[in-house]
Amino acid sequence: MKNLAVLGSTGSIGTQTLDIVRANSNELCVKVLAAGSNVDLIEKQIREFKPEVAVLFDKNKAEELKVKVSDINVKVLSGMEGMIEAARYEGTDTVVTSMVGMIGIKPTIAAINAGKDIALANKETLVTAGHIIMPLIKEKNVALLPVDSEHSAIFQSMNGENKKRISKILLTASGGPFRGKSYDDLKTMTVEDALKHPNWAMGRKITIDSASLVNKGLEVMEAKWLFDVDYDDIEVVIHPQSIIHSMVEYVDGAIIAELGMPDMKLPIQYALFYPDRVPLDTKRVNFFDLKEMTFEKPDMDTFRGLRLALDAAKAGGSMPTVFNAANEEAVAAFLDKKIGFLDIYNIIENAMDSHSVIKNPDINEILGVENDVRIKIKERFI
């Protein structure tokens, strides 16, 4: 029996993780549930999975939850202190980190320090603090298993191979709901347009990031840290069918890829059961129905999110934190219909242009930069 802490249990990845637990209840057990503020959903999850600890980041909502589950033997915590306590709870083996945003960094570090294996779905952890996380993973001798479909595919494509013989990583992208559109087209795109992803069912924020190609830029940064490769050895390939989830090219020209239907349950389950594979009730690829798979170069002039991400990545230090924080603020404003789609790029670029890079930031400096960027953006743009 593998005992889990699911941080971000009410979000897209968290709820799908719990689907995997339901289907494998003889092998997986949830000991900890943690979320942001969704009282009603986490109450339902507590009643079903009967964890020993539950956390809501919002302290007022946590008090409300305590009343709702007073008939259940569960310890209810709140705030960052509660998240950290949940992450290192002694009754767990693996921590699924699926919170959205910078809130995930401190709990992830706490879990690693407590010797937990990490199923990582929180992009910000490596984007902003990869230089801290990866040495810590090695020091504590714990597993870091990627949950993102692309990074899971890369991980699977490297199994049994000599990592020193990698030529490059081919990171695939669907192109999102705006693939093929022009700059002028993007001026009129609405929130509703941006949320219509052609292939994937994801949370609202990550769906907007897919539309802007910011998400792919964040994934490039993650891949650099996860797989210890140079940015110049990571190539983004637009693959509209989302059947090839990513590929690895080796020095002899061989390319190994992982294929499957666009279903996040596959990489989630793979991370939870690695190195084993267990049955998954999901649609299978039918190549006769598929008929073709196509590939394109990303349009980084129109979709500047990817270009800005690569600039931030190569600047290094605290610049990825600036990129990430500015994007989070801009996307939130776009979802609230306060700004247009193209304003997302302008806000990110302005934040990056006005930042002086801290070369090797510690956690406090990372969080300080993040806070400063958010304040300035709210003052100037939102």
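Structure first, text after, so check above.
Residues numbered from 1 in each chain as written. Predicted model: local features only at pLDDT ≥ 70, side-chain atom pairs only at ≥ 80, totals over all residues. Heavy atoms only, no water.

Enquirer: Could you clarify how one ought to interpret the sheet that holds strand β8 (residues 166–173) in this entry?
Expert: In a beta sheet, neighbouring strands pair by backbone hydrogen bonds and run either parallel or antiparallel. Taken in spatial order, the four strands line up as β9-β8-β10-β11 in an open sheet, and their pairing is mixed. Bordering the open sheet on either side are β9 (234–238) and β11 (255–259), each of which pairs with just one other strand. Taken pair by pair, the neighbouring strands of this sheet meet at an average axis angle of 20°, ignoring direction. (Pairing = 2+ DSSP bridges. Helix = DSSP H or I, 4+ residues; strand = E, 2+ residues; numbered from the N terminus. Axes fitted to C-alpha atoms, helices over the stretch in contact; angles between N-to-C directions.)

Enquirer: Looking at this structure, I do not really get the layout of surface pockets. What am I missing?
Expert: The rolling of a water-molecule-sized probe over the atoms marks out the regions of remaining empty space. In this structure, the second largest pocket occupies an estimated 770 Å³ of space. For the lining of the second largest pocket, the elements supplying multiple residues, two or more each, are α6 (123–140), β7 (144–146), α7 (149–158), β8 and α11 (214–227). Of the residues assigned to the lining of the second largest pocket, the class counts are 14 nonpolar, three polar and eight charged. (1 Å grid on protein atoms, 1.4 Å probe; cavity = no way out; pocket = protein on both sides within 12 Å on 5 of 7 lines; lining within 4 Å. Points joined across faces, edges and corners; volume = space filled by probe spheres on them. Nonpolar A, V, L, I, M, F, W, Y, C, P; charged D, E, K, R; others polar.)

Enquirer: Can you help me understand the nonpolar core in this one?
Expert: In summary, soluble globular proteins display a tendency toward joint burial of nonpolar side chains. Counting 124 residues, the largest nonpolar core has Phe227, Phe323 and Ile344 as its most contacted members. Ranked by residues supplied to this core, first place goes to helix α15 (residues 319–335) with ten residues. (Core = buried A, V, L, I, M, F, W, Y, C linked by side-chain atoms within 4.5 Å. Buried < 20%, exposed > 50% of the residue type's maximum accessible area, 1.4 Å probe, protein only.)

Enquirer: For this particular structure, what's the right way to read empty space enclosed by the protein?
Expert: According to the stated counting rule, one finds one cavity of 30 Å³ or more in the structure shown. In this model, the largest cavity occupies a volume close to 40 Å³. As for the largest cavity, its lining consists of Ser149, Trp200, His245, Glu258, Met261, Asp263, Leu266 and Pro267. Across the lining of the largest cavity, the residue classes tally to four nonpolar, two polar and two charged.

Enquirer: Would you take a moment to explain the pairing of β11 for this structure?
Expert: Successive side chains on a regular strand alternate, one facing one side of the sheet and the next facing the other. Across five bridges, strand β10 (residues 244–250) lies against β11 in antiparallel orientation. Within β11, the position partnered with methionine 247 by the bridge is alanine 257.

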